[in-house]
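# Observations on chain architecture
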Amino acid sequence: MQRYINKISGSCWLAVLLLITYAACKSRKKVPDVSHIPVTVSVARFDQDLIQIDTSHVAEGLQSLQARYPVFLPAYVEHIMEFGAYNDSARQIPLQMRMLLTHKDFRFLQETVQQKFPNLAPLEKELAQGFRYMKYYFPDFKVPRVVSFISAIGNYGAVTIDTILGIGLDMYLGSDFPVYASLPDYPAYMVRRFSPEYISTNSIQALAQQRYPLPAPGSRLVEQMVAAGKQQYLLEQILPEIPDTIRLGYTKEQLEFCHENERMIWQYFIQNELLYKSDWQEAMHFMGDGPTTQGMPAGAPGRIGYFVGLQIIKSYMDKHPELSLQQLMENKNLAEIFNEAKYRPR
């Protein structure tokens, strides 16, 4: 069974290294030594292989491409590009693919991606380290095959397809890439995260959601927050060098607001009796993406439920130091976790 997960994703690797160095200096948690765990990542450049297809012989080119990407190519055609069901005899697929490959906007996008990501060695190194932590905390974790692609800015920053992790490089061209600003579906608060430093976080989060899916939208708000907090806690352990701002998707000012007003934020949920409500539309105010959180001061970021959930999980793990990360993640009793956390911000 295939599972597809969509995660959105100054954008130079030097900036990323500086952020990593700063975060490592600030870290208060002793991270385990995983240097002995053998992991090598080599990203398969589907984006480059696709553009090499001879547009006069697209059907033959797709057959050759499928031999190298037997699982990813059909998923790319059907679910990412939404061209319809993929099979060797479908005449419309080569026609649609030829239109894509010869379209000037797609060619421009591919050239931009190639200029931005001529090689992916820094990313491969960062992902390999994250996968080492995954194998340390989850011994049964299988390192996925990593494939890069272009989705024509289709909102696919990271996808999982069986044992494949796909990375849509066109969603990480930097917040200053002018095409993003011209698209109405991508407001500024989203575009600022369309940068390379978010690739690893989005990739690990996609793998985490494949392994531990989030509860249905109709679940009680407190359960959604605890589940989101579990995944944020996992990201902290798997990507300890990545700054909190990147993992949560907040600006520095937004994260400072959350820490400085943690008690006020919690009281808002209590006083408005929101924790045990299961109205998915209301829950989206706190779990969905957005520039701010409706009903709270302007400094409160969207997805504030993720911050609250993370604090609940930290409180829970402080009270249960004997638990491993895997035991935490496999505990599906979200109400029990919340009750035992006894979260009370000061």
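Coordinates for the structure precede this section.
Residues numbered from 1 in each chain as written. Predicted model: local features only at pLDDT ≥ 70, side-chain atom pairs only at ≥ 80, totals over all residues. Heavy atoms only, no water.

To continue, consider the nonpolar core. For soluble globular proteins, nonpolar side chains are generally found buried alongside one another. Counting 115 residues, the largest nonpolar core has Y76 and F269 as its most contacted members. Residue contributions to this core peak at ten residues, all from helix α11 (residues 221-238). The residues contacting Y76, other than those within four sequence positions of it, are F46, L50, M81, E82, M97, L100, F106, F149 and I150. (Core = buried A, V, L, I, M, F, W, Y, C linked by side-chain atoms within 4.5 Å. Buried < 20%, exposed > 50% of the residue type's maximum accessible area, 1.4 Å probe, protein only. Helix = DSSP H or I, 4+ residues; strand = E, 2+ residues; numbered from the N terminus. Contact = heavy atoms within 4.5 Å.)

For the rest of this paragraph, the subject is the packing of helix α16 (residues 304-319) against helix α18 (residues 334-341). It is at 8 Å that the axes of α16 and α18 come closest, and there the two elements cross at 70°. When the interaxial angle is binned, α16 and α18 end up roughly perpendicular. Of α18, the residues touching α16 (which contributes I312, I313, S315, Y316 and K319) are I337, F338, E340 and A341. Its residues assigned to classes, the contact of α16 with α18 comprises six nonpolar, one polar and two charged. (Axes fitted to C-alpha atoms, helices over the stretch in contact; angles between N-to-C directions. Parallel < 35°, antiparallel > 145°, perpendicular 65-115°, else oblique. Nonpolar A, V, L, I, M, F, W, Y, C, P; charged D, E, K, R; others polar.)

Further remarks concern the environment of F149. Within the secondary structure layout, F149 lies in strand β2 (residues 145-149). Along the backbone, F149 and A44 are 105 residues apart, and their C-alpha atoms lie at a distance of 9.0 Å. Residues within four places of F149 in sequence aside, it is in contact with F46, D47, F72, Y76, I80, Y156, V159, G166, I167, G168, L169 and D170.

What the four strands build is an open sheet, ordered β1-β2-β4-β3; its pairing is mixed. At either margin of the open sheet sits one strand with a lone partner, and together these are β1 (44-45) and β3 (158-161). In this sheet, strand β4 (residues 164-168) lies alongside β3 in antiparallel orientation, the contact comprising four bridges. The partner of V159 across the bridge, within β4, is G166. Sheet strands in contact with helix α10 (residues 199-211) are β3 and β4, and its direction is about 35° off that of β3. (Pairing = 2+ DSSP bridges.)

Let's shift gears to the pairing of β3. Of the two faces of β3, the one lined by A158 and T160 and the one lined by V159 and I161 are each fully buried. Taking the residues between adjacent antiparallel strands as the criterion, β3 and β4 are bridged by two residues, where D162 takes a positive phi near 55°.

Here we come to the side chain of K230. Relative to the helices and strands, K230 is located in helix α11. Among the polar contacts made by the side chain of K230, one reaches the main-chain carbonyl oxygen of M329 at a distance of 3.2 Å. Each residue touching K230, except ones within four places of it in the same chain, is listed here: I313, L328, M329, N331, L334 and I337. (Polar contact = N/O pair within 3.5 Å; in protein donor to acceptor, adjacent residues only side chain to side chain.)

Turning next to the pattern of salt bridges. Opposite charge on two side chains permits pairing when their charged atoms draw close. Tallied over the entire structure, the rule returns eleven salt bridges. E236 is the salt-bridge partner of R247, the closest N and O atoms lying 3.9 Å from each other. Residue R247 is found in helix α12 (residues 244-248), and its partner E236 is found in helix α11; the two are separated by eleven residues along the sequence. You'll find R247 and E236 in the same group, each marked buried. Between E282 and K277 there is a salt bridge, with its nearest N and O atoms 3.9 Å apart. E282 gets classed as partly exposed once you look at its relative accessible area, which sits at 26%. Given a relative accessible area of 36%, K277 falls into the partly exposed group. Connected through shared salt-bridge partners, E236, D244, R247 and K314 make up one network. (Salt bridge = Lys/Arg side-chain N within 4 Å of Asp/Glu carboxyl O.)

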